[in-house]
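# Observations on the model geometry
Spelled out from the first residue to the last, the chains are:
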Amino acid sequence: MGKKRVMVPANEVDLTAVKYEPETIQAPHLTGTSLKVFVNVVEAPLIGSMITTSLKKKNNIIEMLQNTVIPEAPMFKPVFPPQDAEPCVVGLEEDGKPEDRVDLALKCLPHFDAASNWTGDSPTSFRYWKIRDYAYAYRSKLATPSMVAERFISAMEEFSSKKPPAPLLISFDAEEVRKQAASSTERFEEGNPLSILDGIFVAIKDDIDCYPHPSKGATTWYHEVRPVKKDAVSVSRLRGCGVILVGKANMHELGLGTTGNNSNYGTTRNPHSLDRYTGGSSSGPAAIVASGLCSAALGTDGGGSVRIPSSLCGVVGLKTTYGRTDMKGSLCDAGTVEIIGPIASNVEDVMLVYAAILGSSPCDRISLKPAPPCLPNLSSHESSNALGLLRLGKYTEWFNDVFSTDISETCGKILNMLVEKHGCETIEIVIPELPEMRVAHIISIGSESLCALTPHCEDGKDGKLTYDTRTNLALFRSFTASDYVAAQRLRQRIMYHHMEIFKKVDVIVTPTTGMTAPIIPLSALKSGETNLQVSGNLMRFITAANLLGLPAISVPVGYDKQGLPIGLQLIGPPWGEASILRLAAAVEELSADSKKKPLQFYDTLKGN
């Protein structure tokens, strides 16, 4: 009998004895022919199980799950203790009309002179057009949604001819976009826009239903077994606000990857450096926003899939509290780690889209008992006081564990500015059991993904998946029922640790990713790529928000020496969206002068 590791109860862990363990992942980096050969071997009945067992042993997965006694009861989905009300906020009505929530969100924003931005001299630093810029142009008859639609369609035609393919959208109907734009233009001519979002162009990730487009999850077949009959709840709410839904955005197949590689349709390129990945899995949504073609997009985030590409592409991505948005109508609506969240070029546009789509499902309201949704009132004088009272938790050894010191130094500089300018307090924290948290997350998301796919894999559809997806599924199949229960016991412990931390701080701050955008190997374009070392770097700070269901946001704060965007992540307590949005707006203001125009950028508003 081997020795068992016995964990003390979570409330007895001695934090002074916790030592940070830098993450090292033992796995091969494979592309092209070597990846194909590996997949065929790892899918073989006997040798495949030997390979996955060896990989799990090398990465201590077996030790953490099967050779460890975990005293806590399992937590099969996030369960949150009651939370204190956030200060200086405006409450939103979940059951109200989305356009009414958006109107309230608009009143929360600080003063903005769109007229001077339109007619004034060009600013010395680059700035994306905001939703309020589009609304001003439409209402002042300086532009129409139909004019913007034609510029958008022209850009899509340009992308369709790229070699190799690098699509932002994998389902697009120009006439459908023209039809929506014409209806919006007519509403403005009549003086009856539905909301500030009327005529605003938004892309939808390919795992969220947007009728009449198919939801393929960037596979070649998923739409055949799951036809789309209506909009997802979140998409329906946007449509009711007058949003122009441009189509289904590219993504890493089935969301099972962090780079955005897709050999089925082509890999979306990073607008800041076209030889680099966007990050995944919401690759298309982040890139289409960063390119200026859409004001916002909807993504899904089960393992950083909104925050990672937002960070790598230099835009803002919000992961809400688990249960804050209704997942009905997405390919991952039965999971316990995933949410639908907005991506936009700036914090205020994220707030407007978030206000439109929020609202828990009936089941989640019963089980999660969500706190009433609210937004920070950034237009009030008290907002700066509320900002100055925020306590920021920083685990320095973790914070500095990055591929390039450009990341930790840039993020650290912003934290110092928050302290100096706004009076925020930085408090050193310790987060125990980070390796266990990563393992619990991969077991959870992997098992849940496999459960959804198994009926179709039994019909032979798995052979039509990309090679890197098949590699992941081979690993997921090696997880046992006892592994899954052990992971949920770990979730209970890690939730306890984080709730204790949030008694001392209001927000946990980290870099969003441990590296900036990685280069796309040419051999990966045709057959895909598996590189778990890169995935580990990209996901280093990501998993707590998914495993525990916490809200988190990525805000661009600068660039590395190669000109690649760097993101700062803010993690809040359950239902704490208002606090992280307030802090995100301050971070954005401190970083405004450093913003650079992406190499791939389209001005669809002015057309120049």
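Right, let's walk through the structure included here. (Residues numbered from 1 in each chain as written. Predicted model: local features only at pLDDT ≥ 70, side-chain atom pairs only at ≥ 80, totals over all residues. Heavy atoms only, no water.)

Let us now look at the nonpolar core. In this structure, Leu197, Phe201, Leu238 and Leu418 are the most contacted members of the largest nonpolar core, which totals 158 residues. A total of nine residues in this core trace back to one element, the largest contributor, which is helix 13 (residues 347–357). One finds Ile308, Ala517, Val534 and Met539 within the second-largest nonpolar core, a separate group that totals eight residues. (Core = buried A, V, L, I, M, F, W, Y, C linked by side-chain atoms within 4.5 Å. Buried < 20%, exposed > 50% of the residue type's maximum accessible area, 1.4 Å probe, protein only. Helix = DSSP H or I, 4+ residues; strand = E, 2+ residues; numbered from the N terminus.)

Attention now goes to the packing of aromatic side chains. Taken as a whole, this structure holds 16 aromatic pairs when the rule is applied. A ring pair is formed by Trp398 and Phe541, whose centres lie 5.2 Å apart and whose planes are at 50 degrees; its orientation type is tilted. You can see Trp398 sitting in helix 16 (residues 396–399) and its partner Phe541 sitting in the loop between helix 22 (532–539) and helix 23 (543–547), a full 143 residues away along the chain. For Phe541, a relative accessible area of 0% gives the class buried. Ring geometry for Phe476 versus Phe479: centroids 6.1 Å apart, planes at 35 degrees, classification tilted. The class of Phe476 is buried, set by a relative accessible area of 5%. Among the aromatic side chains, those forming a connected cluster through ring pairs are Tyr20, Tyr395, Trp398 and Phe541. Looking at Lys394, its charged tip hangs above the ring of Phe399, at a distance of 4.6 Å from the centre. Its guanidinium or amino end placed over the ring of Trp118, Lys606 lies 5.0 Å from that ring's centre, counting from NZ or CZ. (Phe/Tyr/Trp six-rings, centres within 6.5 Å; stacked < 30°, edge-to-face > 60°. Lys NZ or Arg CZ within 6 Å of the ring centre and 35° of its normal.)

Moving on to empty space enclosed by the protein. Under the criterion given, the structure shown has one cavity of 30 Å³ or more. Its boundaries defined by the atoms lining it, the largest cavity holds a volume of some 70 Å³. If you trace the largest cavity, you find it lined by Tyr128, Trp129, Tyr134, Val289, Gly292, Cys294, Ser295, Ser345 and Phe601. Its residues assigned to classes, the lining of the largest cavity shows six nonpolar, three polar and no charged. (1 Å grid on protein atoms, 1.4 Å probe; cavity = no way out; pocket = protein on both sides within 12 Å on 5 of 7 lines; lining within 4 Å. Points joined across faces, edges and corners; volume = space filled by probe spheres on them. Nonpolar A, V, L, I, M, F, W, Y, C, P; charged D, E, K, R; others polar.)

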